[in-house]
Amino acid sequence: MIIGGAVVTNGNSTSCDLVIENKTPILRQKDILTEEKADSPCRRIYYAIQLMYIDEGNLSKYHKLYWDLVREVVQAAPSTVALIDAINEHILHRHYYQALKQTKRLIDYEQETIERVSGSVEGV
């Protein structure tokens, strides 16, 4: 789990109660993408947004990375524009968690496209 910029792990116990008393970015394990697993263009976009969400001090660096990645994806796959536009809206309003949720749809689309292309290549 990431709370603010801190990585929090649960010790040996099976349950843990945390009460967060202020507004701070929180990512559960299922929403965290490690740099090593950001192994596709759309996953790298997710990773860039994740960094925006948890490390506000370096926003300009992550925004540049994000826009560079988005440009590359749209050039390579113009069919992603509608999904990217929805993500951009969240980014522009600094709603990074919502942008992450939307980017999961982009990753799913990317995976479906890869599988479809791989299937048609195998069938040739």
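Below or above, wherever it landed, is the structure these notes cover.

A word on helix α2 (residues 59-76). With 18 residues, α2 extends 26 Å from end C-alpha to end C-alpha; this agrees with the ideal 26 Å at 1.5 Å per step. The set of residues buried in α2 consists of Leu59, Tyr62, Tyr66, Leu69, Val70 and Val73. Along α2, the residues classed as buried sweep out an arc of 105° about the axis, all on the same side. With respect to the buried face of α2, the exposed residues turned more than 90 degrees away are Ser60, Lys61, Lys64 and Gln75.

A word on the packing of aromatic side chains. Scanning the entire structure with this criterion turns up two aromatic pairs. The interplanar angle of 45° and the centroid separation of 6.0 Å between the aromatic rings of Tyr53 and Tyr97 together place this pair among those described as tilted. Of this pair, Tyr53 sits in helix α1 (residues 41-54) while Tyr97 sits in helix α4 (residues 96-122), and the two are 44 residues apart along the sequence. Arranged with centres 4.9 Å apart and planes meeting at 80°, the rings of Tyr66 and Trp67 form a pair that is edge-to-face.

Quick look at the pattern of salt bridges now. This structure, assessed with the given rule, holds six salt bridges. The shortest N-O distance in the salt bridge between Lys64 and Asp68 comes to 2.8 Å. Highlighted residues: Lys64 and Asp68, both in helix α2, separated by four residues, approximately one helical turn. The exposed category is assigned to Lys64, whose relative accessible area is 54%. Accessibility expressed as a relative area gives 25% for Asp68, which makes it partly exposed. Salt bridges linked by common partners bring Arg28, Asp31 and Lys104 together as one network.

Cut-off values and rules
- Residues numbered from 1 in each chain as written.
- Predicted model: local features only at pLDDT ≥ 70, side-chain atom pairs only at ≥ 80, totals over all residues.
- Heavy atoms only, no water.
- Helix = DSSP H or I, 4+ residues; strand = E, 2+ residues; numbered from the N terminus.
- Expected span 1.5 Å × (residues − 1).
- Buried < 20%, exposed > 50% of the residue type's maximum accessible area, 1.4 Å probe, protein only.
- Arc of directions from axis to C-beta.
- Phe/Tyr/Trp six-rings, centres within 6.5 Å; stacked < 30°, edge-to-face > 60°.
- Salt bridge = Lys/Arg side-chain N within 4 Å of Asp/Glu carboxyl O.

These figures come from the coordinates and say nothing about function on their own.
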